[in-house]
Amino acid sequence: MLRFLIMCGAGLLIAVGGASRVQLRAADPETPALRVTVAPVIQREVTVRQSFVGTVTPVRKSVVGSAVDGRVLEFLVNEGDAVKAGQPLAKIRTKTLEIQLAVAKAELKLRQEELAELKNGSLPEEIAQAEARLLAAKATFDYRQSNAERAMTLYKQNRTVTDEQLREAQAAAEEAEQTYLEAKAARALVVQGPRKEKIAQAEAQVLVQAERVNLIEEQILRHTMVAPFDGFITAEHTEIGEWIAEGDPVVEVVELDSVDIRVGVLTEHAANLQVGAKVLVEINALPGRVLDGQVVLIIPNADELSRSIPVKVRVKNEMVNGAPVLKAGMMSHVQLPTTKTHNVPMIPKDSLVLAKDEPPVVYVVEKDAKNPEQLIVKPVTVRTGISDGEWIEVKGALTADQQVVVKGNERLSAGDRVEIINEVEPQTAGK
């Protein structure tokens, strides 16, 4: 009979449903506590964000043109190619300039050797030659001077020397003296070496010729078009054999290491935007991915038709197999802060228990009034607000530093005993 009564009582409890289940757990101290992970209710500054449609644009775009007239000799790239700054893109024929450059370099070499000769001074053989000429001139002068003196003596004593002979001897002596003085000066110049003014003139000639070489080399460089920065070729405007004029476009290069997303923000929302603000970006072609961006430019000139302010958001691009993931022209959605920050209570999104056609519920952990050494849970109905990463604003009967269940809450009921096995730190909010 006793066994029958117990079985009837158990059947009655099962039939009662959820309310009887709560009473049973609360009343039965032998029911084991459920193990849960909790997180505190925190107060946090958040900003309301609004989604705006934007378009991916290159950070930089350059149409590389020709600096000279000429015929295209080489075209070195194709559309879609990745290029590095300074990489040759196309070359124009330079044969005539190359001949002029060879001549100019040969002339420069000549001027340099002449300068080196002046700076090195006279050779020992040249000095010896000058000294020999000086000695010869001195001997001739001494001989002619002696003849002139003897002729003068004879002329004064007995007139055996005529006036004409005397004058010839004196003239020969004067000529020999001038030759001697010339040889003496020549030797001094050879020993001294070239004057500093001569060296300066030769140095100037070398510099002038070097600049002529530089000028021709610069002209040759202007015949080669190079990439202005690292990027990708997006358009070709010429081909091998085509004649192009100065200023004609050759290729189009865009930089895609980072990209700018151009967004039109309505004027009533633009007042709260600031350069440097961190934003979230979603690309339509990359579903499920959220990218980090930063506001880099707010153009202070609203479009008169749309009443929107142009804003640029910069996003770091990724390269996969050498190609950029984000490409110019892609559509995107940018989450921009449109209101001032305000302080709100927040909890992890995982702490919400959702049910169809019912408001969300969270389970708050508190001490059991009948047994303060034990912990139980209490359901609290809330309304949600702004989300920020894994945390979300809530409105309801919650206060800061209360603890809510984030793991194990799907099997909880009001009054269940719980055991805390882990706590989520508040600083992980938003991560």
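Source: prediction; values computed, not measured. (Residues numbered from 1 in each chain as written. Predicted model: local features only at pLDDT ≥ 70, side-chain atom pairs only at ≥ 80, totals over all residues. Heavy atoms only, no water.)

K.L.:
Sorry, what's going on with helix α5 (residues 163-192) here?
P.N.:
Note on helix geometry: an α-helix contains 3.6 residues per turn, so any two residues three or four positions apart are oriented the same way. When the terminal C-alpha atoms of α5 are compared, their 43 Å separation across 30 residues agrees well with the 44 Å that a helix rising 1.5 Å per residue should span. Along α5, the residues that are buried comprise Leu166, Ala169, Ala172, Ala173, Ala176, Tyr180 and Ala183. On its buried face, α5 sits against α4 (124-157). (Helix = DSSP H or I, 4+ residues; strand = E, 2+ residues; numbered from the N terminus. Expected span 1.5 Å × (residues − 1). Buried < 20%, exposed > 50% of the residue type's maximum accessible area, 1.4 Å probe, protein only. Contact = heavy atoms within 4.5 Å.)

K.L.:
I keep staring at the packing of α4 against α5 and nothing clicks. Help me out?
P.N.:
Two numbers describe a pair of packed helices, the interaxial angle and the distance between the axes. Where α4 meets α5, the axes come as close as 7 Å, and the angle between the chain directions of the two elements is 160 degrees. Classified by the angle between their axes, α4 and α5 sit roughly antiparallel to one another. α5 is crossed by α4, and the crossing has left-handed handedness. Classifying every residue of the contact of α4 with α5 gives 18 nonpolar, five polar and nine charged. (Axes fitted to C-alpha atoms, helices over the stretch in contact; angles between N-to-C directions. Parallel < 35°, antiparallel > 145°, perpendicular 65-115°, else oblique. Left-handed = near helix turned anticlockwise from the far one by under 90°. Nonpolar A, V, L, I, M, F, W, Y, C, P; charged D, E, K, R; others polar.)

K.L.:
Mind showing me how you'd approach the sheet that holds strand β6 (residues 88-92) here?
P.N.:
Backbone-to-backbone hydrogen bonds pair the strands of a sheet. The strands run either parallel or antiparallel. In spatial order, the strands read β7-β6-β4-β9; together these four strands make up an open sheet with antiparallel pairing. One side of each edge strand has no neighbouring strand; the edge strands of this open sheet are β7 (224-226) and β9 (243-244). (Pairing = 2+ DSSP bridges.)

K.L.:
So what exactly am I meant to see when it comes to unusual backbone geometry here?
P.N.:
As a rule of thumb, non-glycine residues mostly have phi less than zero, and peptide bonds are mostly trans rather than cis. You will see that Arg307, though not glycine, has its phi angle at about 55 degrees, which is positive. Following the sequence through the fold, Arg307 ends up in the loop between β12 (291-298) and β13 (308-316). The backbone phi angle of Asn321 is positive, close to 55 degrees, even though this residue is not glycine. Take Asn321: it is sitting in the loop between β14 (319-320) and β15 (323-324). Under the relative-accessibility criterion, Asn321 is labelled exposed at 82%.

K.L.:
Before we go on, may I ask you to explain the nonpolar core in this structure?
P.N.:
Soluble globular proteins tend to pack their nonpolar side chains together in the buried interior. Membership of the largest hydrophobic core comes to 27 residues, with the highest contact counts inside it found for Ile261, Val281, Ile283, Val313 and Leu336. The element contributing the most residues to this core is strand β10 (residues 249-266), with six residues. Here Val281 is in contact with Ile261, Arg289, Val290, Leu291, Gly293, Val313, Val315, Ser332, His333 and Val334, once residues within four sequence places are set aside. Among the nonpolar cores identified, the runner-up in size contains 17 residues, and Phe75, Val77, Ala227 and Val253 belong to it. (Core = buried A, V, L, I, M, F, W, Y, C linked by side-chain atoms within 4.5 Å.)

K.L.:
What is the right way to look at the pairing of strand β11 (residues 278-283) in this model?
P.N.:
Within a regular beta strand, the side chains point alternately toward one face of the sheet and then the other, so they alternate between its two faces. By the alternation rule, side chains of β11 split into Val279, Val281 and Ile283, which are all buried, and Lys278, Leu280 and Glu282, of which none is buried. Where β11 and β12 come together, four bridges link them in antiparallel fashion. When the bridges of β12 are listed, Leu280 appears paired with Asp292. The pairing of β11 with strand β16 (residues 331-337) spans four bridges and is classified as antiparallel. By the bridge assignment for β16, Val281 is matched with Val334.

K.L.:
Sorry, what's going on with the side chain of Ser351 here?
P.N.:
The residue Ser351 is located in the loop between β17 (342-348) and β18 (353-355) in this model. For Ser351, a relative accessible area of 0% gives the class buried. Only 2.6 Å separates the side chain of Ser351 from the backbone oxygen of Pro348, close enough to count as a polar contact. Once residues within four sequence positions are removed from consideration, Ser351 is found in contact with Val361, Val362, Val404, Val405, Val406 and Asn409. (Polar contact = N/O pair within 3.5 Å; in protein donor to acceptor, adjacent residues only side chain to side chain.)

K.L.:
Mind showing me how you'd approach the confidence of the model for the protein chain here?
P.N.:
Per-chain confidence: the protein chain averages 85 in pLDDT, with 90% of residues scoring 70 or above. Mean pLDDT across the elements of the protein chain bottoms out in helix α1 (residues 2-16) (36) and peaks in β6 (96). (pLDDT = per-residue confidence, 0-100.)

K.L.:
Would you mind showing me how to read the packing of aromatic side chains here?
P.N.:
For any pair of aromatic rings, the description rests on two quantities: the centre-to-centre distance and the angle between the ring planes. This structure, assessed with the given rule, holds one aromatic pair. With a centroid separation of 5.9 Å and 5 degrees between ring planes, the pair formed by Phe141 and Tyr180 is classed as stacked. Of this pair, Phe141 sits in helix α4 while Tyr180 sits in helix α5, placing them 39 residues apart in sequence. Like Tyr180, Phe141 is buried. Sitting above the plane of the Tyr180 ring, Lys138 keeps its charged end 5.9 Å from the centroid. (Phe/Tyr/Trp six-rings, centres within 6.5 Å; stacked < 30°, edge-to-face > 60°. Lys NZ or Arg CZ within 6 Å of the ring centre and 35° of its normal.)

K.L.:
Quick question: what am I supposed to make of α4 here?
P.N.:
Taking 1.5 Å per residue as the helical rise, α4 with its 34 residues ought to reach 50 Å, and the 50 Å between its terminal C-alpha atoms agrees with that figure. Those residues of α4 lying buried are Ala130, Leu134, Ala137, Phe141, Asn147, Ala148, Ala151 and Tyr155. Looking at the buried side of α4, the elements it contacts are α5.

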